[in-house]
Amino acid sequence: MKDNTELIATIRRFQSLQERRARTYKKLDEQHRRYLESAPNYNFLSYRQIVHDVTEEFKVISEEIIRIALELKDVYHHENLKGFILQVQEYEAEKLNIAVQLQLAKQNEVDFPTEEKYHTEVRELKRRSDDVINSINEQLEEIRFELEEL
């Protein structure tokens, strides 16, 4: 088994990737806001390219995080950290799914402002997103606790 310095560096790589993922979400949210502001003449082709680019970025991040989780198990024999990281991955997948639904709901809200069902859907999806973000943060906190004990 490798020493704790290398293990800590591996966890720091994960944390850096999580920060990168957060920045990517922020970029996606900002671009979606701009897309909605262009209503009713949406530039769908431009936005579709942004979504493609962000999707590729998420894919690269996820693949690297999965490699880190496997490294934690196979190289460092640290099942707890691996479990926390894989749980973050599951929550992140759920968060992305909710984000896609939320974007569609927000567009419906813009396109049909008098339809209460779209306002209700946006509120519910925001609540679900907040719940998942809280779950992610709990896992990240567990990882920080584990890191402090190394």
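Fair warning: this is a prediction, and the values are worked out from it, not measured in the lab. (Residues numbered from 1 in each chain as written. Predicted model: local features only at pLDDT ≥ 70, side-chain atom pairs only at ≥ 80, totals over all residues. Heavy atoms only, no water.)

Participant: Which residues make up the nonpolar core, and what values go with them?
Facilitator: Membership of the largest hydrophobic core comes to 24 residues, with the highest contact counts inside it found for Ile11, Phe14, Leu72, Ile85 and Ile143. Going through the elements one at a time, α1 (4-37), α2 (44-74), α3 (79-111) and α4 (116-148) are the ones with two or more residues in this core. Excluding residues within four positions of it along the chain, Ile143 makes contact with Ile11, Phe14, Leu81, Phe84, Ile85 and Val88. If you look at the next biggest cluster of nonpolar residues, it comprises 10 residues, including Leu36, Tyr42, Val54 and Ala99. (Core = buried A, V, L, I, M, F, W, Y, C linked by side-chain atoms within 4.5 Å. Buried < 20%, exposed > 50% of the residue type's maximum accessible area, 1.4 Å probe, protein only. Helix = DSSP H or I, 4+ residues; strand = E, 2+ residues; numbered from the N terminus. Contact = heavy atoms within 4.5 Å.)

Participant: I'd like a rundown of the side chain of Gln15, residues and numbers included.
Facilitator: Turning to its location among the elements, Gln15 is positioned in helix α1. When residues no more than four places from it in sequence are discounted, the contact partners of Gln15 are Arg144 and Leu147.

Participant: If you had to explain the pattern of salt bridges to someone new, which residues and values would you point to?
Facilitator: With the rule as written, the count across this model stands at 14 salt bridges. Arg13 is the partner of Glu64 in a salt bridge, and the nearest nitrogen-oxygen pair spans 3.4 Å. Taken together, the positions of Glu64 in helix α2 and Arg13 in helix α1 put the pair 51 residues apart, joining distant regions of the chain. Residues Arg67 and Glu64 are paired through a salt bridge, measuring 2.9 Å at the closest nitrogen-oxygen approach. A residue pair is termed a helical-turn pair when its members lie 3 or 4 positions apart in one helix, as Arg67 and Glu64 do in helix α2 at 3 residues. Residue classification places Arg67 among the partly exposed residues on the basis of a relative accessible area of 47%. (Salt bridge = Lys/Arg side-chain N within 4 Å of Asp/Glu carboxyl O.)

Participant: Before we move on, can you summarise unusual backbone geometry with the specific residues and values?
Facilitator: In this model, Ala39 is joined to Pro40 through a cis peptide bond whose omega is 5°. Topologically, Pro40 is positioned in the loop between α1 and α2. A positive phi angle, near 55°, is found at His77, a position not held by glycine. Looking at the element boundaries, His77 is found in the loop between α2 and α3.

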